[in-house]
Protein chains: 2
Amino acid sequence: MQTPWEYRYAHRMQKMGSSVIRELLKLTEQPDIISFAGGLPAPEVFPVKEFQEACNTVLAEHGAQALQYSTTEGYRPLREMIARHTSRYAVEVTADNILITSGSQQALDFIGRLFINRGDYIVVESPTYLGALQAWNAYGAQYISVRMDEHGMIVDELEEALRKGPKFIYVLPNFQNPSGSTLSLERRQKLVEMADRYGVPIVEDDPYGQLRYEGEHLPSVVYLDSQYRGPNGGHYSGNVIYLSTFSKLLAPGLRLAWVIAPPEVIRKLVMTKQAADLHTSSFNQYVAYEVGKGGFLDEHVKVIRATYKERRDVMLEMMDEMFPPEMRWTRPQGGMFLWGMMPEGMDAAEVLKAALERKVAFVPGAAFHANGGGANTMRINFSYSSPDTIREGITRMGTVLKELLHKNGNGNK
Amino acid sequence: MQTPWEYRYAHRMQKMGSSVIRELLKLTEQPDIISFAGGLPAPEVFPVKEFQEACNTVLAEHGAQALQYSTTEGYRPLREMIARHTSRYAVEVTADNILITSGSQQALDFIGRLFINRGDYIVVESPTYLGALQAWNAYGAQYISVRMDEHGMIVDELEEALRKGPKFIYVLPNFQNPSGSTLSLERRQKLVEMADRYGVPIVEDDPYGQLRYEGEHLPSVVYLDSQYRGPNGGHYSGNVIYLSTFSKLLAPGLRLAWVIAPPEVIRKLVMTKQAADLHTSSFNQYVAYEVGKGGFLDEHVKVIRATYKERRDVMLEMMDEMFPPEMRWTRPQGGMFLWGMMPEGMDAAEVLKAALERKVAFVPGAAFHANGGGANTMRINFSYSSPDTIREGITRMGTVLKELLHKNGNGNK
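Residues numbered from 1 in each chain as written. Chains lettered and ligands numbered in written order. Predicted model: local features only at pLDDT ≥ 70, side-chain atom pairs only at ≥ 80, totals over all residues.

Peer 1: Looking at this model, I keep getting lost on the overall build of chain A. Mind explaining?
Peer 2: The helix and strand tally for chain A stands at 13 helices and 14 strands. Taking 2.2 N^0.38 as the reference for a compact globule, 413 residues should give roughly 22 Å; the C-alpha atoms of chain A span a radius of gyration of 22 Å, in line with that estimate. Scored against the burial criterion, the 413 residues of chain A give a buried share of 55%. In chain A, 75% of the contacts between residues at least 6 apart in sequence involve partners at least 24 apart. (Helix = DSSP H or I, 4+ residues; strand = E, 2+ residues; numbered from the N terminus. Rg over C-alpha atoms; globule rule 2.2 N^0.38 Å. Buried ≥ 20, exposed ≤ 12 C-beta atoms within 10 Å, placed from the backbone. Contact = placed C-beta atoms within 7 Å.)

Here's what the structure looks like:
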C-alpha cells in the first residue's frame, strides 16, 4: 500500500511554513532578473587565489587530519584565531568560549534547541532576521516584538516585554538584517543593564559588524556586558551569547561560523551539536585557518568595505533620483541591506509581482515581522550586484513604484 | 549578577546524556594509546592527490558558485551523480529523491525532527548505532529493542514490536555498527512485508554497504521495498528512507552524506534543513563531485576494501591466537567493526579501565543498547589501525582479558 507519510510527521512540522528564503534564492538563479532579494556577498570579493593556496597547503601538510573526523568544538587553532580576533574586535575570550558551527543559521537552531520549550516567548526586534524566526518556529517559540527606529530597538519599550518573562532577547545591533539600523551606544548600555536586572540572557547576532563604511565602530553588547560585570580573569562568563561568521568575511559556501558564550553554555551547545552533526567540516576549518592565520582577513575586509560602500552609495544616489517622493528608506552605515518604506496601505507583495514583470526583485518586509505588520516595507540588498546593475535595477524599481503609487492615488487604496 | 543559565535550558536538554562518542574521540587523540574505539577510516586511503586536483579545478572554474550560498537540496550535479550510483547499487532513484546532508548524523537528526513526538516509540536493533540514539533522545524518543543474531535483527520478533505502534523501524542491514552482523535476504524480505502490513516506515542506514570483503552483495531493503510495490516510473516513492555517506568512501572530514526518500518526504526534510543550517557546504559538494564524476570512486573503493580486509583478517587471526577461550566474537563480512562478547557477568567498562592501563581501547557495548543490557559486550574497530598496530593491540587486549577472566574465575562474580 501507499505509505501515508503525512500521518507520521511530528507536531512540530505543522509550524514549519513555506520556505521564503529558499524560494527567493531560486529567484536569484534566473539570470535575467536583477535581484536585490538575496543576502549574498559579492562573488568578486571571494579570495579564490588564497583558497587555492590554502587547500594545497592543508592537503599537503595536514591531509590525514583535515579529511578525518574531528572534535565537536572545532579545530583548536581556528578557535584560538577567532579568540584573538574577538578579543581585539568585540570582547576578551578564550578558545573555551567558542564553538564552531556550520553557519550562523546552525547557531540559531542550536540556541533554539538549548533554550526554547513550546510556547516560550522570545523578545525580537520588529522587523527581525527571518532565519531566526524560521529556526525558532520549529521549537514552538512565540515572540514579543519591540519596535525599532533609525537607532535600533527602542529600548524604552523593552521593560514591558521583559516583564512577560521571555527566554532571551535577540538583537542584531550592527546594520541589522533587514532594516540596516544600528543600535546606539546609549541603548546598548541600557539593554545590558535591563537584561541583567530581569535575569534574561541576550543573543547578539553580529554577522556584519566589520562591514562599516562610515562612522565609528560601536562596542559590542557582549563587551558592554563584560564591562558591566567587571574583570573575571580570562574567559567571558556573562549574560550574552554572541554569534559571528566567516560567511561575509571569507565565503558563505564554507558554512563556517562561531558562537561566543560562557563555557558552561558552550558545553551544552557542544552536546547539542554532537547529536546534530558530530562536527563542522574539518577540511573547511583547516582551510579557513590557513587563509586567515597570517592576518589576511584584516587586509581583505578593507577590500570588501570599499566594494560594498561604493554599491551602497550608488544605490542611495539612484534612489534619491528615481524613487517617488512618497518612498522612504534607511541610510545604513554598513552591512548589506537597505529598508524601504512605502506609504501605509501599499502592499510590497503586490509591488514585487509588478517588479518581477520588469525583471527586478527584492524581499517584501512582512516576513521579517514576527507578529504581523510591515506589509508596506521591503528589504533591498546592495552587496551582490555591480554598480551598473544597481543603477539599472533601481531605475526599474522606481518605474514600478511610480506606476503603482499613481494607480493608487495618494497611496491609500 | 551571575546569569543562572541552568534555569533557562529547555526540557529536552535533560535527556542529553554525557557524550560517549566525543569522549572516545578524545581518547584516540592520545598518541600512545592503540585505539580500537573510534569508527575512523584509515587516513592512508584518503585520496589526497585527487582532492588537491579537485580543489584547484573547482576554484579555478567554479569559484564564484562553489564559495557562494547555495540551494538547500544540494548541488544538482552531485545529486545526479548519487542518483546514478544509487540506481546501480541500491534502488532506482532520481535527483528529486535526494537531499545532501552534513554527514549521516545530520540525516538522523532531521529524521528525528520530522517524525518524533516526545514519547514516540522507535523500533531499533539491539545493539544499535549509538549516534542514532543520541540524535533521537533529543526528541524524547522511546525505543522497542528487537534482538539480533549473526544474521541481523530477528525478524520473527518484529511483529510484537509493530503491534505497539512505533513511528518507524531503524535498521543497519550491512555489517552493522556496532555488531558487524548482516541482515539475511530472507529477513530483509520479511521486514519489508511486515513494515508494509503495519504501515510503519523503515529507516535503512547503510554507511558501509560497499565495504564487503567476502560473500555476495545483498539487495538493499529499499530495493526490496520498491520491488514489492512494483514499477512506478522513475523516482522511488515507497516506504523506506535510505541513508548513505561519503565519509567511508571519500573522507569524513568533508561531512557529506545523503538521504534517499520519496519526494514528499524530501520536501519536508528540505524545510527542516533550511531552518537548521541553510545548506551543506557548497565548496565540499563541488569538490566531491569533481573527485567522483569520472568514475574514480569505483576504483577507489577497491583500494579501501583491500586495505580493510587485510586488517579484519589480521584482527581475527590475532583474536583466535590471543583471546581466552571464554570470549566470543563476530566475523563480519565487511564494514569496520567486530563485536566481542565476554561471559555473562563480566563488565566491559571494567575491562576498558584495565585495558587503558595497558594503552589499548575499545567501546564497552552497553551504550549501544537502547533499553539496557549488554554490559559484557564490546565494539572493536579494525579499519583505523595498521596491521602491526592491530597485532600489538589485540595482544594487549588478550592479556587484559585473560587476567580479568582468571581473577573472576569462570566469569561469574
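Peer 1: What should I look at first to understand the sheet that holds strand β9 (residues 257-260) of chain B in this one?
Peer 2: Each strand in a sheet pairs with its neighbour through backbone hydrogen bonds, running either in the same direction (parallel) or in the opposite one (antiparallel). Residue and element names in this part refer to chain B. The eight strands lie next to each other as β2-β9-β8-β7-β6-β3-β4-β5, forming an open sheet whose pairing is mixed. At either margin of the open sheet sits one strand with a lone partner, and together these are β2 (98-101) and β5 (152-153). The pairing of strand β6 (residues 168-171) with strand β7 (residues 202-205) spans three bridges and is classified as parallel. By the bridge assignment for β7, V171 is matched with E204. (Pairing = 2+ DSSP bridges.)

Peer 1: Would you mind showing me how to read the interface of chain A and chain B here?
Peer 2: Interfaces are often described in size by the accessible area the parts lose on coming together. On the chain B side, the residues contacting the 72 residues of chain A number 72 residues. Contributing elements (two or more residues each) for the side of chain A that touches chain B: α1 (20-28), α2 (48-66), α4 (104-115), α5 (130-137), α9 (263-277) and α10 (282-292) of chain A. No other element matches α2(A), which puts nine residues into the side of chain A that touches chain B. Broken down by class, the residue content of the side of chain A that touches chain B amounts to 36 nonpolar, 25 polar and 11 charged. (Nonpolar A, V, L, I, M, F, W, Y, C, P; charged D, E, K, R; others polar.)

Peer 1: For this particular structure, what's the right way to read unusual backbone geometry?
Peer 2: Leaving glycine out, the prevailing phi sign among residues is negative, and the prevailing peptide bond configuration is trans. Along the chain, S126(A) connects to P127(A) via a cis peptide bond; the corresponding omega equals 10 degrees. Within the secondary structure, P127(A) is located in the loop between β3 (121-126) and α5. Located in the positive-phi region is R255(B), a residue other than glycine, with phi close to 55 degrees. In this fold, R255(B) is placed in the loop between β8 (240-245) and β9. At L278(B), a residue that is not glycine, the phi angle is positive and equals roughly 65 degrees. Turning to its location among the elements, L278(B) is positioned in the loop between α9 (263-277) and α10 (282-292). A count of 25 C-beta atoms within 10 Å places L278(B) in the buried class.

Peer 1: Help me out: how do you make sense of the environment of S181(A) in this one?
Peer 2: Residues and elements named next belong to chain A. By the element assignment, S181 lies in the loop between β6 (168-171) and α7 (185-198). In the structure, S181 is positioned 152 residues away from Q333 in sequence and 8.0 Å away in space, judged by C-alpha atoms. If near-sequence neighbours (up to four positions away) are discounted, S181 is found in contact with M148, E150, H151, G152, Q176 and T330.

Peer 1: Would you mind going over the domain arrangement of chain A with me for this structure?
Peer 2: Residues and elements named next belong to chain A. The domains assigned to chain A are domain 1 (5-47 + 298-407) and domain 2 (69-295). Computed from C-alpha coordinates alone, the two centres of domain 1 and domain 2 are separated by 24 Å. If you look at the interface, domain 1 gives 33 residues, while domain 2 gives 34 residues. Elements represented by at least two residues in the side of domain 1 that touches domain 2 include exactly α1, α11 (296-322) and β11 (337-341). The element contributing the most residues to the side of domain 1 that touches domain 2 is α11, with seven residues. (Domains from an automatic or database assignment.)

Peer 1: Explain the pairing of β6(B) here, please?
Peer 2: Two faces make up the sheet, and in a regular strand the side chains alternate between them. Residues and elements named next belong to chain B. The alternating pattern of β6 places F168 and Y170 on one face and I169 and V171 on the opposite face, and all of these are buried. Inspection of the sheet shows strand β3 (residues 121-126) paired to β6 by three bridges, in the parallel sense. Within β6, the position partnered with V124 by the bridge is Y170. Crossover handedness for the path β6 to helix α7 (residues 185-198) to β7: right-handed. (Right-handed = clockwise from strand over helix to strand, strands pointing away.)

Peer 1: I tried to follow the relation of the copies chain A and chain B on my own but got confused; where do I start?
Peer 2: One chain copy maps onto the other through a rotation about an axis and a shift parallel to that axis. After a rotation of 180 degrees and a shift along the axis of 0.0 Å, chain A superposes on chain B with an RMSD of 0.0 Å. In symmetry terms, the pair is related by a two-fold rotation axis. Minimal C-alpha distance to the rotation axis in chain A is attained by C55(A), lying at 3.4 Å. Here 100% of the interface residues in chain A have copies in chain B that are interface residues too; the copies meet face to matching face. (Least-squares fit on C-alpha atoms with pLDDT ≥ 70 in both.)

Peer 1: Mind showing me how you'd approach the pairing of strand β4 (residues 142-149) of chain B here?
Peer 2: All names here are of chain B. Looking at chain direction, β3 and β4 are connected through six bridges and run parallel. Bridging across to β4, S126 finds its partner in R147. Regarding the hand of the β-α-β motif, the stretch spanning β3, helix α5 (residues 130-137) and β4 is right-handed. From the end of β4 to the start of β5, which pair antiparallel, there are two residues.

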